[in-house]
Amino acid sequence: KTGRSEAGELEAVIAQGEATIGSLTAKIEALAGDIQVDEADLNSATDIRTKEQTVFEASERELIEVVDTLQRAVGILERELKKGGASMLQLKGATNLAQSMGSLVRASMLSTADGDRIAALVQTSSEDGDAGAPAGAVYESHSGDIVQTLTDLLEEAEGQLQEIRSKETKDLHAFEMM
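Attention in this report is confined to the structure presented alongside it.

The rules behind each value
Residues numbered from 1 in each chain as written. Predicted model: local features only at pLDDT ≥ 70, side-chain atom pairs only at ≥ 80, totals over all residues. Heavy atoms only, no water. Helix = DSSP H or I, 4+ residues; strand = E, 2+ residues; numbered from the N terminus. Buried < 20%, exposed > 50% of the residue type's maximum accessible area, 1.4 Å probe, protein only. Contact = heavy atoms within 4.5 Å. Areas by Shrake-Rupley, 256 points an atom, 1.4 Å probe, with all protein chains shown as cover. Salt bridge = Lys/Arg side-chain N within 4 Å of Asp/Glu carboxyl O. Patch = residues over 30% accessible without salt bridge, like charges linked within 9 Å, V, L, I, M, F, W, Y side chains within 5 Å. Lys, Arg positive; Asp, Glu negative; His and termini not counted. Charge placed at Lys NZ, Arg CZ, Asp CG, Glu CD. Core = buried A, V, L, I, M, F, W, Y, C linked by side-chain atoms within 4.5 Å.

The subject of this paragraph is the overall build of the chain. Per the secondary structure count, the chain includes 6 helices and 0 strands. Ordering the α and β elements of the chain from the N terminus gives α-α-α-α-α-α. Of all 178 residues assigned to the chain, the portion counted as buried reaches 24%. For the chain, the proportion of contacts with a sequence separation of at least 24, taken over those separated by at least 6, is 70%. For the chain, the accessible area works out to roughly 11800 Å², and carbon and sulfur atoms hold 55% of it.

This is the structure we're talking about:
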């Protein structure tokens, strides 16, 4: 072989190498662009996830307070019903749950905030489930009916708490799979 033929072969190899370099450079640039898009998507998803977690934590904290308040209220009412104490005599004269909660607050069985929170929960529940029904018909003045109403609200709050916890678990799993 001569040097010229060998040089021609080497020039062909060099040209092929340069073509490969050009092709791979284009692929690298495309992949770098994809990475930038993916990083932007991940940052957006992280921001959304952070907001979702903040909302979940606030909702969970509120529902835990509601459940705690309702559990204490039901416990107090049941205990007082068994004792037949003076505060239960006050409850018998109450015409609605708000008056009943007021009686319990005055008897120092519940804090004012707890009584207000329960009354608001019952009012919201009444508006959601019994639109148009008079409050007196929905919540009779019998303390047993009040206990049942609060127990129903407690079950509903516990169900909502379970639902948001389940949703949070699913959302966290979906985010971690990204």
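Before going further, it helps to spend a moment on the pattern of salt bridges. Per the stated rule, a full pass over the model turns up 5 salt bridges. Residue Glu52 pairs with Arg49 through a salt bridge whose shortest N-O separation is 3.5 Å. Separated by 3 residues within a single helix, Glu52 and Arg49 lie in helix 1 (residues 3-83), roughly one turn from each other. Judged by relative accessible area, Arg49 falls into the buried class, the value being 5%. We note a salt bridge from Glu60 to Arg165, for which the minimum N-O separation is 2.8 Å. Of this pair, Glu60 sits in helix 1 while Arg165 sits in helix 6 (residues 143-176), and the two are 105 residues apart along the sequence. Arg165 sits in the partly exposed class, given a relative accessible area of 32%.

To continue, consider a negative patch on the surface. Residues Asp34, Asp38, Glu39 and Asp41 make up a contiguous surface patch of negative charge. Within the secondary structure layout, Asp38 lies in helix 1.

On the secondary structure map, Glu168 appears in helix 6. The residues touching Glu168, leaving out its near neighbours within four places in the chain, are Arg49, Glu52, Gln53 and Phe56.

So, about the nonpolar core. Side chains of nonpolar character tend, in soluble globular proteins, to be buried together. One finds Leu70, Leu77, Leu150 and Ala157 to be the most contacted residues of the largest nonpolar core, which totals 14 residues. The set of elements that each furnish at least two residues to this core consists of helix 1 and helix 6.

Everything listed here is a matter of geometry and, on its own, says nothing about what the molecule does.
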